[in-house]
Amino acid sequence: MFAAPAPPDVPPFPFGPDDFARATGCSPAALDDLRAFRELLATWNERMNLVGPSALEAFWLRHAYDSAQLAPMEPHADVWADLGAGAGFPGLVLAILFKHRGHGQVHLVESMAKRCLFLREVVGALALPAEVHNRRAEETRIAGVQVVVARACAPMVRLLDYAWPMLGKGGTPAPVGLFLKGKGAEEELTEAARMWDFHADRIPSLSDPSGQIIRIERLRRGKHS
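One numbering rule holds for all chains: residues counted from 1, following each sequence as written. At least 70 in pLDDT is required for a residue's local features to be given in this predicted model, at least 80 for side-chain atom pairs to be given and counted, and no such filter applies to totals for whole chains, interfaces and linings, which use all residues. With hydrogens and water set aside, each side-chain value is computed from the structure's full complement of heavy atoms.

**Re the side chain of Asp-66**
Inference 1: Relative to the helices and strands, Asp-66 is located in helix α3 (residues 59-68).
Inference 2: Polar side-chain contacts of Asp-66 include one of 2.5 Å to the side chain of Ser-207.
Inference 3: Only heavy atoms matter for contacts: two residues are in contact if any of them lie within 4.5 Å across the pair. Not counting chain neighbours up to four residues away, the residues in contact with Asp-66 comprise Leu-61, Arg-151, Leu-180, Ser-205 and Ser-207. Every helix listed is a DSSP run of H or I at least four residues long, and every strand listed is a run of E at least two residues long, numbered separately from the N terminus. Counting of polar contacts relies on pairs of N or O atoms within 3.5 Å, with two restrictions inside protein: one atom must be capable of donating a hydrogen and the other of accepting it, and residues adjacent in sequence are counted only when both atoms are side-chain atoms.

**A short note on the nonpolar core**
Inference 1: Put simply, buried Ala, Val, Leu, Ile, Met, Phe, Trp, Tyr and Cys residues joined by side-chain atoms within 4.5 Å make one nonpolar core. Under the scheme applied here, a residue whose accessible area is under 20% of the maximum for its type counts as buried, over 50% as exposed, and between as partly exposed, the area being computed with a 1.4 Å probe on protein chains only. Phe-20, Phe-37, Trp-80 and Phe-118 are the most contacted members of the largest nonpolar core, which has 54 residues in total.
Inference 2: Of all the secondary structure elements, the ones that give two or more residues to this core are α2 (28-45), α3, α4 (91-101), β2 (105-109), α5 (113-126), β3 (130-133), β4 (147-151) and β5 (176-181).
Inference 3: Core analysis: the next-biggest nonpolar cluster, separate from the first, contains 27 residues, Val-148, Ala-163, Leu-167 and Ala-200 among them.

**Some words on the pairing of β5**
Inference 1: Within β5, six of the six residues are buried, which leaves the element mostly enclosed by the surrounding structure.
Inference 2: The alternating pattern of β5 places Val-176, Leu-178 and Leu-180 and Gly-177, Phe-179 and Lys-181 on opposite faces, both of which are buried.
Inference 3: By the bridge criterion, five bridges tie β4 to β5 in an arrangement that is parallel. Note that in β5 the partner of Ala-150 across the bridge is Phe-179. Strand pairing follows a simple DSSP-based rule, namely that at least 2 bridges must link the two strands.

**Considering unusual backbone geometry**
Inference 1: That bond from Phe-89 to Pro-90 is cis: its omega, 10°, falls within 30 degrees of zero.
Inference 2: Along the chain, Pro-90 turns up in the loop between β1 (79-83) and α4.
Inference 3: Unusually for a residue other than glycine, Ala-127 sits at a positive phi of about 50°.
Inference 4: Along the chain, Ala-127 falls in the loop between α5 and β3.

**Re the pattern of salt bridges**
Inference 1: The rule for a salt bridge is simple: a side-chain nitrogen of Lys or Arg has to be within 4 Å of a carboxyl oxygen of Asp or Glu. According to the stated counting rule, one finds 15 salt bridges in the structure shown.
Inference 2: For Arg-136, the salt bridge is made with Glu-139, and the minimal N-O distance between the two is 3.8 Å.
Inference 3: When its relative accessible area of 53% is taken as the criterion, Glu-139 is described as exposed.
Inference 4: The partner of Glu-188 in a salt bridge is Lys-181, and the shortest N-O contact between them spans 2.8 Å.
Inference 5: Given the relative accessible area of 21%, Glu-188 is considered partly exposed.

Shown next as structure tokens:
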């Protein structure tokens, strides 16, 4: 059974690296890697549009902490897949945390080649336990995945189609999905339920009062799919 992390005793703004460390309990070494990730993101963002102009300013709360809150929800899972990894949220943040806790691997699935170049640069520079896959999510098969994550990837009905090759495999323990969603999550779940059968838990986001983490398990194709 999953356990949602307790809300941190920190204000929403300003929220910097020290606040992140207090909220997550991460080590100084992990914090250094996150700072290095942010610097690489800033450098690469000057040549390609990886994130919007406000992303670096809001990095520690809206991106780093938003991603990191997923890790304690499945503390024993060692193989994670991030669909539509983009600029590395949540996948690279999780890989940094896993590196410093001593176990866990992240598969970063991204269809755009230029984003994969950035992801591989960060993975190599920080020696992260991660592998980059330059493929479309729905065409990706990765053995042994225990948790599938995504952020700003697609509406839920399509996201479940992307995740089906890994979430629909069953096993013991069965794989689960942890999907970061905004205020439209309920509408997305209603639409998805027309095509899919699943159990969904709704977990309030710790980084965004209007956000939720949708935990999906027991995914099956519905009768209309």
